[in-house]
Amino acid sequence: MSANNPITPHNYDLIPATSVKPLTLVDVVNFFWKWRKVLMIACGIAAVMAIVITMPFITKPKYKATHIFYPSKNNSISDALLTDAKVRQKDPLEFGEEEEAEKAIQILLSGDLMGRLVRNFNLYKHYNINPQTEKYPQTALEYKLKENISVTRTRYLSVTIEVLDENPQMAADIANGMAILYDSVKTEIQNQLAVPALQIVERALKAKRDKIQSIKDEMRSLGEKGITNYEEQSRALAEEIYKVQAVQGAKSSKLKDLIDQQKTLVSNGGDFVALNELIKLEEEKESDLIAQYERRMVDVNERLSHKMTVQAAVKPEIKFWPKRTLVLLLSVIATFFATSIILVIYEIYKNKPTTPVDVA
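Since the model is a prediction, treat every value here as computed from it, not as a measurement.

Here we come to the pairing of strand β1 (residues 63–71). Among the nine residues in β1, eight count as buried, and that is most of the element. Relative to strand β3 (residues 159–165), β1 runs antiparallel, the two being bridged by seven bridges. Its bridge partner lying in β3, Y63 is registered against D165. Bridging between β1 and strand β4 (residues 307–311) involves four bridges; their strand directions are antiparallel. Within β4, the residue paired with Y70 across the bridge is M308.

Okay, here's the thing in structure tokens:
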């Protein structure tokens, strides 16, 4: 075996072929000093490429527009405005809390709202997606929407709509458009219950009025029999019978007529009293239904904003992306570390000792 030719490591090698001592800071410094030119060239190339790539004619700059609002707490206009302030449970001007903010985010990201947004701003054309030639146009559009539109809840329980776009005015218009659509979509969702509720109350009110009319018809038929006020008529007949009996005697023909009237009054008086009490009760119920009907009409026909705008989106003046300094730093740092790893691997491979060959 040949043992007179040992492998001697280079003074600047990071990984010696025959390590007899642990790696030190001096070894690391010597390694980077040895490959300083290679690292500087690699980082310089990365910096130049980062500058070129972030040029406006290669990477289109994007602008960010922001719309911030607080969702309101009221869900019913009539409950918020037409209810007695002493029994009102919610203040119509109160900011919504976490629950309202989460519901607002759910509506803003719903397919219904996004679909209207796409139609209103013709986003297929704006994002250069051709439904006729694109294999998956809807998927491509969803990717663009997720990339450029963000809806989040802040620590103060407000809702933030952030829109990125190459056109600064379009970014502001889309952000404000989403806030406007939020009002419309939430109103329509509530009307899914408000309209049937109005129809139910309307039918109940009609039925109640029909019932009251039938009672009035029965009372009218009793009135045709001469019964218009049972208590007053009963008292008046009793007094008249007493007078006639005292003056003309018990066999008077007038007294007989008065007694017949009294019998008729007595036989139908119970129905009159019952109908009179019933119609009072039904009219009270009708009054409650009228109040309910008026409130449901307000909920369906009137509009109250579901949000309180803190900051409407305006046309941004400064681009949000790309941030050239950040891209440049990240590119140089990433290239430095990648090149260093490659050089370390190269040093290890270069200084790997070979197995001596025995000479027979």
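This part takes up the pattern of salt bridges. Inspection of every chain in the model, using the stated rule, returns 14 salt bridges. Its salt-bridge partner being D112, residue R116 comes within 3.3 Å of it at the nearest N-O pair. Taken together, the residues R116 and D112, both in helix α5 (residues 111–121) and four residues apart, mark about one turn of the helix. By relative accessible area, which is 40% here, D112 ends up partly exposed. Salt bridges here are not isolated pairs; linked through shared partners, they connect E98, E102 and R153.

On to the packing of aromatic side chains. Within this structure, the stated rule accounts for five aromatic pairs. Between the aromatic rings of F31 and F32, the centroid separation amounts to 5.4 Å while the plane-to-plane angle is 70°, which identifies the pairing as edge-to-face. Judged by relative accessible area, F31 falls into the buried class, the value being 2%. You can call F32 partly exposed: its relative accessible area is 29%. Here F69 and Y182 contribute two aromatic rings whose centre-to-centre distance is 5.3 Å and whose plane-to-plane angle is 35°, an arrangement assigned as tilted. Of this pair, F69 sits in strand β1 while Y182 sits in helix α8 (residues 168–224); the two residues are 113 residues apart in sequence, bridging distant segments of the chain. Accessibility assignment for this pair places F69 and Y182 in one class, buried. One aromatic cluster is present, formed by F31, F32, F336 and F337 through successive ring pairs. In this structure, R36 packs its charged tip against the face of W33, placed 3.8 Å from the ring centre.

Where helix α1 (residues 25–34) meets helix α11 (residues 324–350), the closest approach of the two axes is 11 Å, and the angle between their N-to-C directions is 105°. Accordingly, the angle class assigned to the pair α1 and α11 is roughly perpendicular. Residues F31, F32 and K34 of α1 touch α11, and the partners they reach there are F336, S340, L343, V344, E347 and K350. In terms of residue class, the contact of α1 with α11 is made up of five nonpolar, one polar and three charged.

The strand order across the open sheet formed by four strands is β2-β3-β1-β4, and the pairing between neighbours is antiparallel. Looking at strand neighbours, the two that pair on one side only are β2 (149–153) and β4, the edges of this open sheet. Pairs of neighbouring strands in the sheet enclose a mean axial angle of 25°, with direction left out of account. Together, β1, β2 and β3 form the strand contacts of helix α4 (residues 98–108), whose direction differs from that of β2 by roughly 165°.

Attention now moves to the confidence of the model for the chain. Considering every residue of the chain, the mean pLDDT works out to 80; 71% of them sit at 70 or more. Per-element confidence in the chain ranges from a low mean pLDDT of 62 for helix α9 (residues 230–248) to a high of 96 for β3. Across residues 1–12 the pLDDT falls below 50, and counting only partners more than four positions away or on other chains, this stretch makes 12 contacts in the model.

The next thing to look at is a nonpolar patch on the surface. Together, I41, I45, M49 and I53 line one region of the surface with nonpolar side chains, adding up to about 390 Å² of accessible area. If you trace the backbone, I53 turns up in helix α2 (residues 36–53). Residue classification places I53 among the partly exposed residues on the basis of a relative accessible area of 44%.

Analysis parameters
- Residues numbered from 1 in each chain as written.
- Predicted model: local features only at pLDDT ≥ 70, side-chain atom pairs only at ≥ 80, totals over all residues.
- Heavy atoms only, no water.
- Buried < 20%, exposed > 50% of the residue type's maximum accessible area, 1.4 Å probe, protein only.
- Helix = DSSP H or I, 4+ residues; strand = E, 2+ residues; numbered from the N terminus.
- Pairing = 2+ DSSP bridges.
- Salt bridge = Lys/Arg side-chain N within 4 Å of Asp/Glu carboxyl O.
- Phe/Tyr/Trp six-rings, centres within 6.5 Å; stacked < 30°, edge-to-face > 60°.
- Lys NZ or Arg CZ within 6 Å of the ring centre and 35° of its normal.
- Axes fitted to C-alpha atoms, helices over the stretch in contact; angles between N-to-C directions.
- Parallel < 35°, antiparallel > 145°, perpendicular 65-115°, else oblique.
- Contact = heavy atoms within 4.5 Å.
- Nonpolar A, V, L, I, M, F, W, Y, C, P; charged D, E, K, R; others polar.
- pLDDT = per-residue confidence, 0-100.
- Patch = residues over 30% accessible without salt bridge, like charges linked within 9 Å, V, L, I, M, F, W, Y side chains within 5 Å.
- Areas by Shrake-Rupley, 256 points an atom, 1.4 Å probe, with all protein chains shown as cover.

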